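Spelled out from the first residue to the last, the chains are:
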Amino acid sequence: MDASSIIETLKTAVAGASYEAGASVDFATIYVPAASLVETCRALRDTPSLRFNVLIEVTAADYLPREPRFELVYHLLSIPNRLRLRVKVRVASSEVDGVVPTVQSVWPAAGWPEREVWDMFGIVFAGHGDLRRLLMPEDWEGHPARKDYPVQIRKATQTYEPLEVTEDEFRANIERDRLKRAH
Amino acid sequence: MAELRTETMTVNMGPQHPSTHGVLRLVLELDGETIKSCMPTIGYLHTGIEKTAEQKKWQQVVPLVERMDYLAAQSNSLSYVLCVEKLLGLEMPQRVKDIRVLLTELQRIASHLVWIGTHAMEIGAVSMLFYAIRERELLRAGRRLPVLPELFPRRRTARGPAARVPRRGERVSRSVPREDRRIRRAADEKRHVHAAHAGRRRDHAR
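About the cut-offs
Residues numbered from 1 in each chain as written. Chains lettered and ligands numbered in written order. Predicted model: local features only at pLDDT ≥ 70, side-chain atom pairs only at ≥ 80, totals over all residues. Heavy atoms only, no water. Helix = DSSP H or I, 4+ residues; strand = E, 2+ residues; numbered from the N terminus. Contact = heavy atoms within 4.5 Å. Buried < 20%, exposed > 50% of the residue type's maximum accessible area, 1.4 Å probe, protein only. Pairing = 2+ DSSP bridges. Core = buried A, V, L, I, M, F, W, Y, C linked by side-chain atoms within 4.5 Å. Axes fitted to C-alpha atoms, helices over the stretch in contact; angles between N-to-C directions.

(A) Local environment of the overall build of chain B. From N to C terminus, chain B includes six helices and three strands. In sequence order, the secondary structure elements of chain B are arranged as β-β-β-α-α-α-α-α-α. In chain B, once contacts between residues fewer than 6 apart in sequence are set aside, the share between residues at least 24 apart is 25%.

See below:
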């Protein structure tokens, strides 16, 4: 299925969204505006002719001098229809008000990949609920995969004082973490 | 009768642990031996390979991606090279495709040998690891596959991926085509002449 037929199907399912077909060499690529992302993804997942039930990957690409700066990329797979699709969303940097809604409500597997994209690129996902560092240490500053982040940095070794908590504080911390996880 | 105090125990299965097979940190909440919940922390193996690859030409990225799965190195480089070919719109001749698949399947066998060796070792059958690694070494040296010797160059010292850079004047195996062998022989003879001048004996049948 090529991009234009997918766009036709989506236009009937989602009202008022403007899609574009993107250039690609392997499978169909469509550009989706951020405002209608969640609705579009739900239509992609539920429409019988599409049925993209697997979210394979969430990544981003940084085209720095261009505005909007990032292109958020979702790779989808439809097992019943044997189709692949790439959904791209143009997002500005989060400092310039670039925010994308999370697609966790459509594919729960999006939780950690969106965390990774935030960690590496700094794209904020509204409604995520657990947007924290995944690959980098928790207290890292900066988003490494951005084009204006250096390829190699030299960082001094960081040593921490030994953590001193009482047993009750420790149990309270564990309990708090468990409640935070058990949304 | 005293009441039994039951509570879960929180254990840190730290980044290094024999059974994590690589670095992965798990904070486990255990009730006896049952895991009630688990909080993984990842990122210890993150090498920033995507960012590094952005700075390099595609030929330089090929050995870089081979290091990603060090048990089946050529599988990674095949994946990357397929992407590059797709983007450049190149079509490979059938012989290349066949050889690539052959190599990838051999890499798969090598990777599974490590799996079965380490798995058996962990459940107690320690010798299996050595048999499996021995098979892997033979696979790397090409002894298990007498055809296509150009896939497995004769001399290699590293136990890493199979890429090999020949030294100048090094004698290569007989599978090298005739023209190259003449060049190689000339290079070897030059070496012999130099050695004779230096007064040392060289064994011709080396």
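Structure shown, so let's carry the discussion forward.
(B) Looking closely at the pairing of strand S4 (residues 70-78) of chain A. Residues and elements named next belong to chain A. Burial runs high along S4: eight of the nine residues are buried. In terms of strand pairing, strand S3 (residues 54-62) meets S4 through eight bridges, oriented antiparallel. Following the sheet pairing, Asp62 is matched in S4 by Phe70. Sheet topology note: the S4/strand S5 (residues 83-91) ladder contains nine bridges and is antiparallel. Bridged to Leu77 within S5 is Arg84. Connecting S4 to the next strand, S5, in antiparallel fashion are four residues, including Arg82 with a positive phi near 55 degrees.

(C) Highlighting the nonpolar core. All names here are of chain A. With 44 residues, the main nonpolar core has Leu72, Tyr74 and Ile123 as its most contacted residues. When residues of this core are traced back to their parent elements, those giving at least two are helix H1 (3-13), strand S2 (28-31), helix H2 (37-46), S3, S4, S5 and helix H3 (111-121). When neighbours within four sequence positions are excluded, Ile123 is seen to be in contact with Ala60, Phe70, Leu72, Val91, Val100, Val117 and Trp118.

(D) Structural context of the side chain of Glu85 of chain B. Residues and elements named next belong to chain B. Locating Glu85 in the fold gives a position in helix H3 (residues 73-88). Given a relative accessible area of 10%, Glu85 falls into the buried group. Not counting residues up to four positions away in its chain, the partners in contact with Glu85 are Leu90, Met92 and Arg100.

(E) Structural detail: the sheet that holds strand S1 (residues 9-13) of chain B. All names here are of chain B. Reading across from one edge, S1-S2-S3 is the order of the three strands in this open sheet, with antiparallel pairing throughout. Only two strands of the sheet have a single neighbouring strand rather than two, namely S1 and strand S3 (34-41). Geometrically, the sheet is characterised by an average inter-axis angle of 20 degrees between neighbouring strands, direction not taken into account. The sheet contact formed by strand S2 (residues 25-31) and S3 spans seven bridges and is antiparallel. Across the sheet, the residue bridging to Asp31 is Thr34, located in S3.

(F) Inspection of the environment of Thr59 of chain A at higher detail. Residues and elements named next belong to chain A. For Thr59, the location among the structural elements is in strand S3. For Thr59, a relative accessible area of 25% corresponds to the partly exposed category. For Thr59 and Ala172, which are 113 residues apart along the polypeptide, the C-alpha to C-alpha distance reads 36 Å. Setting aside residues no more than four positions away along its own chain, Thr59 makes contact with Glu71, Leu72, Val73 and Val117.

Note that all results are geometric; they support no functional claim without further evidence.
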